[in-house]
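# Architecture and fold: a report
Residues per chain, in single letters:
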Amino acid sequence: MTRRGFLANTAAALGLGTDAALAAERFEISRSDSEWRAMLSDLEYKVMREEGTERAFTSPLNDEKRAGTFLCKGCDLPLYPSKTKFDSGTGWPSFWQALPDAVETKADRSFFMTRTECHCRRCGSHLGHIFDDGPQPTGKRHCINGVSLTFRPA
């Protein structure tokens, strides 16, 4: 169960509704579940709001090589500069560093392991995970779902 799912179930049990559970996370930009569903495709909603994962090698952003900035699809916050993007061979857009104050992290204990989940600090949209097998100078690999991003060329 995801944190959002836990909060939603707890809020529902208390008669508060899903919106109250999500508001408890205190993001600068918040939307109701129905607003998120109206603005996102089914896959985008599954990934960004339910912490799902898109299939590898399905995002056109995996092959994006132009100079520019990758933004959060949920709120247009600039997240990753193209100069930190690299081909990890995993099938998802990968970056060795986010822009300052762009992403937040939390422990993801699903699948009987602990990983570092990253999400947009402004709207809470799930982006992907951060691993310690990336290139220098950080040694990090931000493995990001392309459906969570938009691209703005320079």
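The sections below set out a description of the structure shown in this document. A quick note: this is a predicted structure, and the numbers were derived from the prediction, not measured.

Reading guide: rules and limits
All chains use their own residue numbering, which begins from 1 and follows the written sequence. Predicted model: local features are reported for residues with pLDDT of at least 70 only, side-chain atom pairs are reported and counted for 80 or more only, and whole-chain, interface and lining totals are derived from all residues. With hydrogens and water set aside, each side-chain value is computed from the structure's full complement of heavy atoms. What makes a salt bridge here is a side-chain nitrogen of Lys or Arg within 4 Å of a carboxyl oxygen of Asp or Glu, nothing more. Note on classification: 1.4 Å probe, protein chains only; a residue is buried when its accessible area is under 20% of the maximum for its type, exposed when over 50%, partly exposed between these limits. For helices the rule is a DSSP run of H or I covering at least 4 residues; for strands it is a run of E covering at least 2, with both sets numbered from the N terminus onward. Any two strands between which DSSP finds at least two bridges are classified as paired. Any Phe, Tyr or Trp ring, taking Trp's six-membered ring, that has another such ring centre within 6.5 Å forms a pair; planes under 30 degrees apart are called stacked, those over 60 apart edge-to-face, and the others tilted. Buried residues of nine kinds, namely Ala, Val, Leu, Ile, Met, Phe, Trp, Tyr and Cys, make up a nonpolar core once their side-chain atoms join them within 4.5 Å. Any two residues whose heavy atoms approach within 4.5 Å at even a single point are treated as in contact.

Moving on, we come to the pattern of salt bridges. When charged atoms on two side chains of opposite charge get close, those side chains can pair. This model, assessed by the stated rule, comprises eight salt bridges. The partner of Glu64 in a salt bridge is Arg66, with the nearest N and O atoms 2.7 Å apart. On the basis of relative accessibility, which here comes to 14%, the residue Glu64 falls in the buried class. Under the relative-accessibility criterion, Arg66 is labelled partly exposed at 47%. One salt bridge connects Lys140 with Asp132, and the closest N-O pair in it is separated by 2.4 Å. Among the charged side chains, a salt-bridge network with shared partners connects Glu28, Asp101 and Arg121.

Along any regular strand, the residues point their side chains to alternate faces of the sheet. Side chains Arg141 and Cys143 of strand β8 (residues 141–144) all project onto a buried face; the interleaved residues His142 and Ile144 project onto the opposite face, where all are buried too. Bridge count between strand β4 (residues 94–95) and β8: two bridges; the pairing is antiparallel. Following the sheet pairing, Ser94 is matched in β8 by Cys143. When strand β7 (residues 126–131) meets β8, the two strands line up antiparallel, connected through four bridges. The residue bridging Gly128 from the neighbouring strand is Ile144, located in β8.

Attention now moves to unusual backbone geometry. The linkage connecting Gln136 with the following residue, Pro137, adopts the cis geometry, with an omega of 20°. Of note, Pro137 is situated in the loop between β7 and β8. Despite not being glycine, Glu51 shows a phi value in the positive range, around 60°. Within the secondary structure, Glu51 sits in the loop between α4 (42–50) and β1 (68–72). In this model, Asp76 sits at a positive phi of 65°, which is unusual for a non-glycine residue. Secondary-structure assignment places Asp76 in the loop between β1 and β2 (78–81). Under the relative-accessibility criterion, Asp76 is labelled partly exposed at 47%.

Turning our eyes to something else, we now look at α4. All of the buried residues along α4 are Glu44, Tyr45, Val47, Met48 and Arg49. Downstream of α4 by a residue or two, Glu51 has a phi angle that is positive, lying close to 60°.

A few words now on the packing of aromatic side chains. Within the structure shown, the criterion is met by three aromatic pairs. A ring pair is formed by Phe70 and Phe95, whose centres lie 5.0 Å apart and whose planes are at 70°; its orientation type is edge-to-face. A residue pair is termed long-range when its members are at least 10 positions apart, and Phe70 in strand β1 and Phe95 in strand β4 qualify at 25 residues. Neither residue differs from the other here; Phe70 and Phe95 are each classed as buried.

Counting residues in each nonpolar core, the largest one holds 23 residues, and the members touching the most others are Leu79 and Tyr80. Counting only elements with at least two residues in this core, the list comes to α4, β1, β2, β6 (115–120), β7 and β9 (149–153). Those residues within four positions of Tyr80 in sequence are excluded, and the remaining contacts are Gly68, Thr69, Phe70, Phe95, Gln97, Ala98, Leu99, Val103, Cys118, His142 and Ile144.

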